[in-house]
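What follows is each chain in one-letter form.
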Amino acid sequence: MARLEGKTAFVTGAARGQGAATTQLFLREGANVVIADILAEEGQALADTLGEKACFCLLDVRDEDAWLRAISAAEARFGPIDILVNNAAATFYGAIEETAKTDLERLLSINLIGAFLGMKAVIPGMKARRSGSIVNISSVNGLRGTAGMGAYDATKWGVRGISKTAALELAAWKIRVNSIHPGAIDTPMLNPDGSLDSAQMARDYAIAFGRVGQPEEVAQASLFLASDEASYISGAELAVDGAWTAGLLVNSQSLGHVQ
Ligand SMILES: NC(=O)c1ccc[n+]([C@@H]2O[C@H](COP(=O)([O-])OP(=O)(O)OC[C@H]3O[C@@H](n4cnc5c(N)ncnc54)[C@H](O)[C@@H]3O)[C@@H](O)[C@H]2O)c1
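Calculation rules
Residues numbered from 1 in each chain as written. Predicted model: local features only at pLDDT ≥ 70, side-chain atom pairs only at ≥ 80, totals over all residues. Heavy atoms only, no water. Near = heavy atom within 4 Å. Polar contact = N/O pair within 3.5 Å; in protein donor to acceptor, adjacent residues only side chain to side chain. Areas by Shrake-Rupley, 256 points an atom, 1.4 Å probe, with all protein chains shown as cover. Helix = DSSP H or I, 4+ residues; strand = E, 2+ residues; numbered from the N terminus. Nonpolar A, V, L, I, M, F, W, Y, C, P; charged D, E, K, R; others polar. Core = buried A, V, L, I, M, F, W, Y, C linked by side-chain atoms within 4.5 Å. Buried < 20%, exposed > 50% of the residue type's maximum accessible area, 1.4 Å probe, protein only. Contact = heavy atoms within 4.5 Å. Pairing = 2+ DSSP bridges. Right-handed = clockwise from strand over helix to strand, strands pointing away. Salt bridge = Lys/Arg side-chain N within 4 Å of Asp/Glu carboxyl O.

Undergrad: Hey, could you go over the site of the ligand for me, with residue numbers and the actual values?
TA: Taken together, the neighbourhood of the ligand is formed by 28 residues, with Arg16, Asp37, Asn87, Tyr152 and Thr187 sitting nearest. At 2.9 Å, a side-chain N or O of Asp60 approaches a nitrogen atom of the ligand. Between the ligand and Lys156 there is a distance of 2.9 Å, counted from an oxygen atom to a side-chain nitrogen or oxygen. For the ligand, whose unbound accessible area comes to 820 Å², protein coverage reaches 95%. Looking at the shell around the ligand, the elements with two or more residues in it are helix 1 (17-28) and helix 5 (150-170). Its residues assigned to classes, the shell around the ligand shows 15 nonpolar, eight polar and five charged.

Undergrad: Let's hear about the nonpolar core: which residues, and what values?
TA: One finds Phe10, Leu59, Trp67 and Ile134 to be the most contacted residues of the largest nonpolar core, which totals 35 residues. Where this core is concerned, the elements lending two or more residues are strand 2 (32-37), strand 3 (54-58), helix 3 (64-78), helix 4 (101-129), helix 5 and strand 6 (175-182). A total of eight residues in this core trace back to one element, the largest contributor, which is helix 4. The residues touching Trp67, leaving out its near neighbours within four places in the chain, are Phe10, Thr12, Leu59, Val61, Leu84, Asn86, Gly114, Leu117, Gly118 and Ala121. Ranked by size, the runner-up nonpolar core spans 30 residues in total, among them Val11, Leu25, Phe26 and Ala47.

Undergrad: Can you lay out the pairing of strand 5 (residues 132-137) for me, pointing to particular residues and giving the numbers?
TA: Counting buried positions over the six residues of strand 5 gives six, a clear majority of the element. Where burial is concerned, the two faces of strand 5 agree: the one with Gly132, Ile134 and Asn136 and the one with Ser133, Val135 and Ile137 are both buried. Sheet analysis places strand 4 (residues 83-86) next to strand 5, joined by four bridges and oriented parallel. Counted as the bridge partner of Leu84 is Ile134 from strand 5. Each parallel crossover has a hand, and for strand 4 linked through helix 4 to strand 5 it is right-handed. As for the winding sense of the linkage, the β-α-β connection from strand 5 through helix 5 to strand 6 is right-handed.

Undergrad: Run through the pattern of salt bridges, naming residues and quoting values.
TA: Using the criterion set out here, one finds eight salt bridges in the structure. Between Lys164 and Glu237 there is a salt bridge, and its shortest N-O distance comes to 2.7 Å. With Lys164 in helix 5 and Glu237 in strand 7 (residues 237-240), this residue pair connects regions lying 73 residues apart in the sequence. The exposure class assigned to Lys164 is partly exposed, which follows from its relative accessible area of 30%. One salt bridge connects Arg211 with Glu217, and the closest N-O pair in it is separated by 2.8 Å.

Dropping the structure here:
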């Protein structure tokens, strides 16, 4: 049997990148999937290629009322939401003294408040059915600091923290909440013009695997945590980063795959 047969998933930021890969994998594993994003054209175009078990929902994750409307519409179409993947995010590069308060507020509102509102929107339905899985996409930036990414780091540490709180608060209702921490993944966020040299980036940033990751590799982790195979896993954090955060890679030249 497919791993998500009979389940309905709601994936934010799903018009492209990791969200789109997650949508496609969940569909292959038997789920209905709502593709939620602010990118209406890309989201609708993706949904159009995926058949009846997928639909696009225009949603800005910062908007609490829009969340409630989106979940109602999704439930009217597919039934109760079993899986929420809070994946939508934006990034910002700049040292702390170069980061305006409004830059930080914008990122917090999308990356952290967006995930918070998503959880609030699905918790009542999941509690009523005493089941559910929430996967919050954080980052390696939620496991360590990164010079020049303070605003983004703050939001991703926040996502990691609130995931653990939610895991504790919701365990009695058999709702599991986990965070995923992708490393450098080849999506428009990291590679907007498609020119990224994967091996070069791995050398520059000392990524032990010698390459960046593919969106499907993160989607596989979301699939596992979303599925019943992870029935005793909640409050966990899973790095999908080619051993980037495992420790310090002192001499990358000694690794066979580094040219
Ligand atoms: N790509 C990487 O290297 C990397 C690394 C670590 C973590 N991540 C995280 O992975 C997740 C997916 O990112 P990605 O790499 O696929 O990037 P991406 O930029 O390709 O996708 C992000 C999606 O979020 C959507 N989005 C942005 N603001 C939104 C809003 N207000 N409401 C609804 N949707 C909104 C975008 O339209 C886009 O479709 C994000 O949480 C990101 O922070 C990415």
